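# Structural features, examined
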There are 2 protein chains.
Amino acid sequence: MKNYKLEISYDGSKYRGWQRLGNTPETIQGKIETVLSKMTGEKVEIIGASRTDAGVHAKMQVANVKLNTNHTSESMYIYLNEYLPEDICVTLVTEVDDRFHARYNVVSKIYEYKVFNSVHGNPFIRKSTYKCEKELNIEDMKEAASYLLGEHDFTSFTNVKSKKKSNVRNLMNITIEKDVNNMITFEFEGDGFLHNMIRKIMYVILEVGKGNERPIVAKEILESRNRENSLGTALAKGLCLKEIKYN
Amino acid sequence: MKNYKLEISYDGSKYRGWQRLGNTPETIQGKIETVLSKMTGEKVEIIGASRTDAGVHAKMQVANVKLNTNHTSESMYIYLNEYLPEDICVTLVTEVDDRFHARYNVVSKIYEYKVFNSVHGNPFIRKSTYKCEKELNIEDMKEAASYLLGEHDFTSFTNVKSKKKSNVRNLMNITIEKDVNNMITFEFEGDGFLHNMIRKIMYVILEVGKGNERPIVAKEILESRNRENSLGTALAKGLCLKEIKYN
């Protein structure tokens, strides 16, 4: 039994997210498992580091898979990229220690959210950015983001009702940068994220940037620890899993 | 009768090119004319600067259209972007002198061709770049390109059989640049281009870059003035109309 680590990049536009849903093939996990099963003849289950939602993209998702196969990493890499659709690319296959687990061993994850802040359309980035015509106030958004940094109970920023698991997460870093082409990149690094957490944070930050809310509202919502206080959920298409860090 | 200048950006992946073909709506020109007809109630014919082929993109196509309407440029801009599909964006509408003609008044056109020179896939640029796994020799490609600069008869680089019109064009500038992400951008500026000219030039340059042909072959093909000597036509999806220059 060998353990393989995969790095995967995908345009999530057409998929119902990472996680396999029954037998529907329209998930990233489902597509990859189908190809690996075809290659090895085994029933395959891959473990992804992050369960990205429908429409969310990944520059670097990480997964691991245990197989009885004798295929080399290189032949798996070639086979996967030959049979996967063009919007899913495997960028690395490597044999790893048996104990490597793509989800449990995560030290931190980095997501980015892209906002095209322009009155003009751009057909080339329409599926990977949220377009906002109103000029966003960068300083106010940075202030709002600053209240969320550190270890907090992020219950207000998730749509999961369960109270069984802890909603405490450590949001280590948030950066907000606008380039000369009016693309604003929001980057979030954390030890883990609740379901919809970044999109719910982004919704608040964008409301602040538009001048619809004061920056301090981010702090008030956070401290209420009540998901009923969520202002909304930003569009999935602007979100992209950028990197997974391991020790 | 007013004359309007339009600037248009489009992802050409799904279209049969710029030029309207009978009554099929699947062209960029057709889409825009249909929306303008709906807005004005007039039969509308727009004149594009460049007849981009099926699958070719545009960062900035220019067109003009004469209308009897009293609509302002601003209301046309808003209406067009509301009713055009997301892969066609109008970025400017402005009233211009009656004598402005988007095609006849062109001083030069700039096209770019994008090659992703990597063994890895990138799902986000798959529709706007040609992917080449073999490392391309930049210096050899620059040498090949240099033979094509200036005013020449480019008969060898077109698929049009007609000998009635001149195939002499002035290719003023070609630049080839590779960035840190292994994206190579080829830029061509000329006073005009024959049908398929850039894609046929690109095919030769890429063969040189791959080491399949010597750089001097570009010169030999050019001087033969014989379209039977064409080596091939590079994929449409890497090509993008970047800019149209007027006086």
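All values reported here derive from a predicted model rather than from experimental measurement.

Residues and elements named next belong to chain A. Summed over all chains, the structure comprises 10 aromatic pairs over all chains. For the pair Phe-100 and Tyr-246, a centre-to-centre distance of 5.0 Å together with 65° between the ring planes defines the contact as edge-to-face. Of the two residues, Phe-100 is situated in the loop between strand E4 (88-96) and strand E5 (106-116) and Tyr-246 in strand E10 (residues 239-246); the sequence distance between them amounts to 146 residues. Each member of the pair, Phe-100 as well as Tyr-246, carries the same accessibility label: buried. Judged by centre distance (5.5 Å) and plane angle (90°), the rings of Tyr-111 and Phe-193 are edge-to-face. A residue pair is termed long-range when its members are at least 10 positions apart, and Tyr-111 in strand E5 and Phe-193 in the loop between strand E9 (183-190) and helix H4 (197-209) qualify at 82 residues. With relative accessibility at 7%, the residue Tyr-111 sits in the buried group. Given a relative accessible area of 17%, Phe-193 falls into the buried group.

Residue and element names in this part refer to chain A. For chain A, the domain assignment lists domain 1 (2-96) and domain 2 (108-246). Between domain 1 and domain 2, the C-alpha centre-to-centre distance is 27 Å. If you look at the interface, domain 1 gives 15 residues, while domain 2 gives 17 residues. Taking both partners together, domain 1 and domain 2 bury about 1300 Å²; carbon and sulfur atoms supply 55% of that area. Contact with domain 2 buries area across many residues of domain 1, yet His-57, Lys-59 and Met-60 alone supply 40% of it, more than any other trio. Residues Lys-59 and Glu-112 are paired through a salt bridge, measuring 2.7 Å at the closest nitrogen-oxygen approach. On the surface where domain 1 and domain 2 come into contact, there are 11 residue pairs in polar contact (both at pLDDT 80 or more). Take the side of domain 1 that touches domain 2: its biggest share by element is six residues, from strand E3 (residues 57-67). Among the residues forming the side of domain 1 that touches domain 2, the class breakdown is six nonpolar, six polar and three charged.

Take the relation of the copies chain A and chain B next. Least-squares fitting of chain A to chain B yields an RMSD of 0.0 Å, with the transformation described by 0.0 Å of translation along the axis and a rotation of 180°. One copy is carried onto the other by what is essentially a two-fold rotation axis.

With that out of the way, let us pick up the interface of chain A and chain B. In this complex, chain A contributes 21 residues to the contact, which on the side of chain B involves 21 residues. When the two sides are added together, the surface that chain A and chain B hide from each other amounts to roughly 1600 Å², 59% of it contributed by carbon and sulfur. Its largest share of buried area at the contact with chain B, chain A owes to Pro123(A), Phe124(A) and Arg126(A), together 36% of the area lost on that side. If you look at where chain A meets chain B, you find two salt bridges. The residue Asp11(B) makes a salt bridge to Arg126(A) at a minimum N-O spacing of 3.1 Å. Our count for the contact surface shared by chain A and chain B stands at eight residue pairs in polar contact (both at pLDDT 80 or more). Secondary-structure elements contributing two or more residues to the side of chain A that touches chain B are strand E1 (2-10), E3 and E4 of chain A. Top element by residues in the side of chain A that touches chain B is E3(A). It accounts for three residues. For the side of chain A that touches chain B, the per-class residue count stands at eight nonpolar, six polar and seven charged.

The rules behind these values
- Starting from 1, residues in each chain are numbered consecutively following that chain's sequence as written.
- Whichever chain is written first is A, and whichever ligand is written first is 1; the rest continue in order.
- Whole-chain, interface and lining totals are the exception, using all residues; otherwise, since this is a predicted model, local features are given only for residues with pLDDT of at least 70 and side-chain atom pairs are given and counted only at 80 or more.
- For side-chain calculations, the full set of non-hydrogen atoms in the structure is used, while hydrogens and water are omitted.
- Between 30 and 60 degrees the pair is tilted, below 30 it is stacked and above 60 it is edge-to-face, where a pair is any two Phe, Tyr or Trp rings, Trp via its six-membered ring, whose centres lie within 6.5 Å.
- The helix count covers DSSP runs of H or I at least four residues long, the strand count covers runs of E at least two residues long, and both are numbered beginning at the N terminus.
- To sort residues, take the accessible area from a 1.4 Å probe on protein chains only and compare it with the maximum for the residue type: under 20% means buried, over 50% means exposed, and anything in between is partly exposed.
- Note: domain ranges come from an automatic or database domain assignment.
- Here, two residues are considered to be in contact whenever any of their heavy atoms come within 4.5 Å of each other.
- Put simply, buried area is the surface a 1.4 Å probe can reach on two separate parts but cannot reach once they are joined, added for both.
- Any Lys or Arg side-chain nitrogen located within 4 Å of an Asp or Glu carboxyl oxygen qualifies as a salt bridge.
- Within 3.5 Å is the distance limit for a polar contact, defined as a pair of N or O atoms, with the added protein rule that one can donate a hydrogen and the other accept it, and that residues adjacent in sequence qualify only through two side-chain atoms.
- Under this grouping Gly is polar, as are all residues other than the nonpolar Ala, Val, Leu, Ile, Met, Phe, Trp, Tyr, Cys and Pro and the charged Asp, Glu, Lys and Arg.
- The copies were overlaid by least squares, fitting only the C-alpha atoms of residues that reach a pLDDT of 70 or more in each copy.

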